Amino acid sequence: RGSDDGEKAQAIRTWVRSVLHKIVHYKAEHHRYLNEATITLELALWKKRLSEINVPEGDEEGRAKCRVKCGADIVMKNVLPFLELPPYTFGGED
């Protein structure tokens, strides 16, 4: 019976490590998707602002000013908290 308990304990430890590894993997994947979504949202806001004030394609200075004033910083500050994962850490994360 002692041997069975040891085998069960080892099986449980292996399973827990597997679950923790998957959590770490999916957290990293979520971070990549969040980064991509952030960039896409910022570009969409910038494009909308460009179309609203009709900045010509060659006007780099106007486009740069428009990017700063497109409101992405405000939107990101209010949207990202809903998309980020809680700050929990798990064994095995570096």
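Refer to the structure presented above.
Just so you know, these numbers come straight off a predicted model, no measurement behind them.

Q: Any chance you could explain the environment of Lys48 here in plain terms?
A: The residue Lys48 is located in helix α1 (residues 2–53) in this model. Sequence spacing of Lys48 and Ile12 is 36 residues, and the spatial spacing of their C-alpha atoms is 53 Å. At 2.6 Å, the side chain of Lys48 and the side chain of Glu52 are in polar contact.

Q: Is there a simple way to think about helix α2 (residues 60–68) in this case?
A: An α-helical segment advances 3.6 residues per turn. Residues three or four places apart therefore align on the same side. Within α2, the full set of buried residues consists of Gly62, Arg63 and Cys66. Each buried residue of α2 lies within a common arc of 100 degrees when the element is viewed along its axis, so the set occupies one face. Exposed side chains of α2 directed beyond 90 degrees from the buried face belong to Glu60, Glu61 and Val68.

Q: Just to check I follow, could you spell out a nonpolar patch on the surface for this structure?
A: Taken together, the side chains of Ile12, Trp15 and Val16 present a nonpolar region at the surface, about 320 Å² in accessible area. For Ile12, the position within the fold is in helix α1.

Q: I would appreciate a short explanation of the side chain of Arg63 in the present structure.
A: Take Arg63: it is sitting in helix α2. Buried and unpaired, Arg63 has Glu60 as its nearest opposite-charge partner, separated by 4.5 Å.

Q: Can you help me understand helix α3 (residues 72–83) in this one?
A: Between its terminal C-alpha atoms α3 stretches 15 Å, which fits the 16 Å expected from twelve residues at 1.5 Å a residue. Listing the buried residues of α3 in full gives Ala72, Met76 and Leu80. Angular distribution of buried residues about the axis of α3 spans 50 degrees; they occupy a single face of the element. In this structure, α3 carries Ile74, Lys77, Pro81 and Phe82 as exposed residues pointing more than 90 degrees from its buried face.

Q: Before we go on, may I ask you to explain the packing of aromatic side chains in this structure?
A: According to the stated counting rule, one finds zero aromatic pairs in the structure shown. Geometry around Trp46 places Arg67 over its ring, the cationic atom sitting 5.1 Å from the centre.

What counts as what
Residues numbered from 1 in each chain as written. Predicted model: local features only at pLDDT ≥ 70, side-chain atom pairs only at ≥ 80, totals over all residues. Heavy atoms only, no water. Helix = DSSP H or I, 4+ residues; strand = E, 2+ residues; numbered from the N terminus. Polar contact = N/O pair within 3.5 Å; in protein donor to acceptor, adjacent residues only side chain to side chain. Buried < 20%, exposed > 50% of the residue type's maximum accessible area, 1.4 Å probe, protein only. Arc of directions from axis to C-beta. Patch = residues over 30% accessible without salt bridge, like charges linked within 9 Å, V, L, I, M, F, W, Y side chains within 5 Å. Areas by Shrake-Rupley, 256 points an atom, 1.4 Å probe, with all protein chains shown as cover. Salt bridge = Lys/Arg side-chain N within 4 Å of Asp/Glu carboxyl O. Lys, Arg positive; Asp, Glu negative; His and termini not counted. Expected span 1.5 Å × (residues − 1). Phe/Tyr/Trp six-rings, centres within 6.5 Å; stacked < 30°, edge-to-face > 60°. Lys NZ or Arg CZ within 6 Å of the ring centre and 35° of its normal.

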